[in-house]
Amino acid sequence: MLIQYFDKHKLGVSHTASYKEKCHIEKININKWIFFRIFAFRIFIRNLSEGIMKHGFDNNKYLKIQSEHIKDRISKFGNKLYLEFGGKLFDDFHASRVLPGFEPDSKLKMLMQLRDDAEIVMVISARDIEKNKVRGDLGITYDTDVLRLRDEFINRGLSVNSVVIAQFNGQASAVAFRERLERLGINVYYHYLIEGYPTNVDLICSDEGFGRNEYVKTTKPLVVITAPGPGSGKMAVCLSQLYQENKRGIKAGYAKFETFPIWSIALKHPVNVAYEAATADLNDVNMIDPFHLEAYGETAVNYNRDIEIFPVLNAIFEGIYGENPYKSPTDMGVNMAGFCISDDEVCCQASKDEIIRRYYSALCDFAQGKIPESEVNKIALLMKQMKITTDDRRTTVAARQRKEMEGTPAAAIELADGTILTGHTSDLLGPSAALLLNATKHLAGIDHSVKLIPQEIIEPIQNTKTKLLHGHNPRLHTDEVLVALSILSLTDEKCRRALETLPQLDGCQVHATVMLSEVDRKIFKKLGIGLTTDPLQKKPTREK
């Protein structure tokens, strides 16, 4: 069987080993065993699903023309280009959601096509080190993420030149971080805080400004400048290097690589509006680039921060070179994603779905006091501009209808073929756990009336949760259901079949009428399921 094949080649388990032998490794490894099987099988399922899941983006074309365009830009600057990489180099799930067919690691794959001519410089702000700034998506500090990203790049065969600590002003924590990196054999450079940056051009373009920074020695034609997150100082590092290179007689160039907004499609195209929804916390606004319109008589889309800073950048370029090679902020970019949209209708629908998803996420964050109401209102306004409502998300309607029918919290899932299934809270299961069982039964061709996990199996788990672990909620979560299924699959053919359908949930959409627990959210994320919830907290449950 295919599962046995992947067990053998991904987990190092013998092809002839029985399921019982596999599960006897250690009880703690059961969860790992399940998810290794899921992810190993996921590629196969994606290939099978291509006839069902509609793509609107030509990823192969993107990899080809994007790398060619960057090579062309390198050649225009005497074979030395500093490329500021905005957004995520890999795990770009926003792009994969609004451009179906775009793979989350597409930008990294594109860069790997240039790896013989490229090296990476990583930037981290001394301020972020001092504040122990944390990545919201990963829950790790920026300094920890620098090491994580460096390892990821090196493991993929990319050359990592060094780390620049930007905006340095003597912070003790930044000094300690530099010493830590140097003990690991990593080259580290300080770029100092410049008073009046970015408007004090005379100081910036002088030996007391950029000239004071430590020069990063590079050897390859393409230098990729990246960082753990926004506000790290990537652009300042690029400009400083241009100043330093120019002093050494090297005419290097600068370019910016950001996927969104896409400059070559309409201002109010749903893909670009979805970017505004994604950056509601930054208050980014997409605009027609006035400099590009004046220079070429053509409309191009950019965002407010780049347009506002362009006159300052123009002055800095003139301070370094005597002239600016670019006539507009759009000119600085190298993004070719807009030319790889193969089905505009699919991308439009996916982007509208993403705007609704962002709206629900903002509602829940606001309900928990994490964000101001203004962020919710901004996304609500974008929804009005797109003429969409939450009812346009089919799972929302289905979940609420089931809630009204049962009088308990409910959840709904839309499968790849458009089938809608629902589940609701019971004495034994929460809505997400019930939904997961219903979905796997449907996909495995098992009758809905079949109880995959008998009540006599669930009740001892509930007793352990409430009586031994003093928990308040006796109902099973999604992870507990999966563990129970994996154990039962040793002797129950139906449970084994249901478990093997999990990879088919990748890309499916779920809505729940209550905010789910962290463990349920993480399980859905690991399964590749897009989740939204109403901004309602579950009522605390106590043992009767």
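Heads up: the structure comes first, above all this text.
Please read these numbers as outputs of a predicted model, since none were measured by experiment.

Tracing the chain through its elements places aspartate 306 in helix 14 (residues 304-321). Of note is the side chain of aspartate 306, whose polar atom sits 2.8 Å from the side chain of lysine 256. Not counting residues within four places of it along the chain, the set of residues in contact with aspartate 306 comprises Lys256, Glu258 and Pro329.

Excluding glycine, a negative phi dihedral is what most residues carry, and trans is how most peptide bonds are arranged. Omega for the peptide link from tyrosine 197 to proline 198 comes to 10°, which places this bond in the cis form. Checked against the element boundaries, proline 198 lands in the loop between strand 4 (188-192) and helix 10 (201-204). Between phenylalanine 260 and the following residue, proline 261, the backbone shows a cis peptide bond with an omega angle of -10°. Tracing the chain through its elements places proline 261 in the loop between strand 6 (253-257) and helix 12 (270-278). Even without glycine at this site, asparagine 79 takes up a positive phi of about 70°. Relative to the elements of secondary structure, asparagine 79 occurs in the loop between helix 4 (59-75) and strand 1 (81-85). With relative accessibility at 48%, the residue asparagine 79 sits in the partly exposed group. Phi at glutamine 167 takes a positive value of approximately 55°, unusual for a residue other than glycine.

What follows concerns the state of the cysteines. Think of a disulfide as a covalent bridge from one cysteine sulfur atom to another cysteine sulfur atom. In total, this model carries zero disulfides according to the counting rule given. With no disulfide partner, cysteine 348 has as its closest neighbouring cysteine sulfur the one in cysteine 347, 7.2 Å distant.

Where helix 19 (residues 431-444) meets helix 21 (residues 478-488), the closest approach of the two axes is 8 Å, and the angle between their N-to-C directions is 40°. Accordingly, the angle class assigned to the pair helix 19 and helix 21 is oblique. Taken together, the residues of helix 21 that come into contact with helix 19 (itself represented by Ser432, Ala433, Leu436 and Leu437) are Thr478, Val481, Leu482 and Leu485. Among the residues making up the contact of helix 19 with helix 21, the classes are represented as six nonpolar, two polar and no charged.

As a further point, take the packing of helix 11 (residues 234-247) against helix 14. The geometry of helix 11 relative to helix 14 is characterised by a closest axis approach of 9 Å and an angle of 20° between their N-to-C directions. Here helix 11 is positioned roughly parallel relative to helix 14, judged by the angle of their axes. Here helix 11 and helix 14 pass one another in a crossing that is right-handed. Only Leu313, Ile316, Phe317, Ile320 and Tyr321 of helix 14 make contact with helix 11, whose side of the interface consists of Met235, Leu239, Leu242, Tyr243 and Asn246.

Walk down a regular strand and you will see the side chains alternate between the two sheet faces. Among the nine residues in strand 3 (residues 160-168), eight count as buried, and that is most of the element. Across four bridges, strand 3 lies against strand 4 in parallel orientation. Following the sheet pairing, phenylalanine 168 is matched in strand 4 by tyrosine 192. As for the winding sense of the linkage, the β-α-β connection from strand 3 through helix 9 (residues 172-183) to strand 4 is right-handed.

What follows deals with the packing of aromatic side chains. The full count for this structure, using the stated rule, is 16 aromatic pairs. When the centroid spacing of 6.4 Å and the interplanar angle of 25° are considered together, the rings of phenylalanine 260 and tyrosine 275 count as stacked. A residue pair is termed long-range when its members are at least 10 positions apart, and phenylalanine 260 in the loop between strand 6 and helix 12 and tyrosine 275 in helix 12 qualify at 15 residues. Each member of the pair phenylalanine 260 and tyrosine 275 is classed as buried. Aromatic rings pair up to connect Phe77, Tyr254, Phe317 and Tyr326 into one cluster. The ring of tyrosine 190 has arginine 178 sitting right over it, with the charged end atom 4.3 Å from the ring centre. When the ring centre of tyrosine 192 is taken as reference, the NZ or CZ atom of arginine 212 above it lies at 4.2 Å.

With that settled, the discussion passes to empty space enclosed by the protein. Tallying each qualifying case throughout the model produces three cavities of 30 Å³ or more. Every residue lining the largest cavity is counted, 17 residues in all, and those nearest its centre are Glu258, Pro261, Asn302, Asp306 and Gly333. Elements represented by at least two residues in the lining of the largest cavity include exactly strand 6, strand 8 (301-303) and helix 15 (329-332). Partitioning the lining of the largest cavity into residue classes produces nine nonpolar, five polar and three charged.

What the rule picks out here adds up to 24 salt bridges. The shortest N-O distance in the salt bridge between glutamate 103 and lysine 109 comes to 2.5 Å. Glutamate 103 sits in the partly exposed class, given a relative accessible area of 33%. Overall, lysine 109 belongs to the partly exposed group, its relative accessible area being 32%. The shortest N-O distance in the salt bridge between arginine 358 and glutamate 354 comes to 2.9 Å. Of this pair, arginine 358 and glutamate 354 are both found in helix 16 (residues 344-367), four residues apart, which corresponds to roughly one turn of the helix. Glutamate 354 gets classed as buried once you look at its relative accessible area, which sits at 2%. Taken together, the shared-partner salt bridges connect Arg97, Glu354, Arg357 and Arg358 into one network.

Let's shift gears to the environment of asparagine 286. Following the sequence through the fold, asparagine 286 ends up in strand 7 (residues 286-288). Separated by 21 residues in sequence, asparagine 286 and isoleucine 307 place their C-alpha atoms 9.8 Å apart. At 2.8 Å, the side chain of asparagine 286 and the backbone oxygen of asparagine 272 are in polar contact. Within polar-contact distance, the side chain of asparagine 286 engages the side chain of glutamate 276 at 3.5 Å.

About the thresholds
- Residues numbered from 1 in each chain as written.
- Predicted model: local features only at pLDDT ≥ 70, side-chain atom pairs only at ≥ 80, totals over all residues.
- Heavy atoms only, no water.
- Helix = DSSP H or I, 4+ residues; strand = E, 2+ residues; numbered from the N terminus.
- Polar contact = N/O pair within 3.5 Å; in protein donor to acceptor, adjacent residues only side chain to side chain.
- Contact = heavy atoms within 4.5 Å.
- Buried < 20%, exposed > 50% of the residue type's maximum accessible area, 1.4 Å probe, protein only.
- Disulfide = S-S within 2.5 Å.
- Axes fitted to C-alpha atoms, helices over the stretch in contact; angles between N-to-C directions.
- Parallel < 35°, antiparallel > 145°, perpendicular 65-115°, else oblique.
- Nonpolar A, V, L, I, M, F, W, Y, C, P; charged D, E, K, R; others polar.
- Left-handed = near helix turned anticlockwise from the far one by under 90°.
- Pairing = 2+ DSSP bridges.
- Right-handed = clockwise from strand over helix to strand, strands pointing away.
- Phe/Tyr/Trp six-rings, centres within 6.5 Å; stacked < 30°, edge-to-face > 60°.
- Lys NZ or Arg CZ within 6 Å of the ring centre and 35° of its normal.
- 1 Å grid on protein atoms, 1.4 Å probe; cavity = no way out; pocket = protein on both sides within 12 Å on 5 of 7 lines; lining within 4 Å.
- Points joined across faces, edges and corners; volume = space filled by probe spheres on them.
- Salt bridge = Lys/Arg side-chain N within 4 Å of Asp/Glu carboxyl O.

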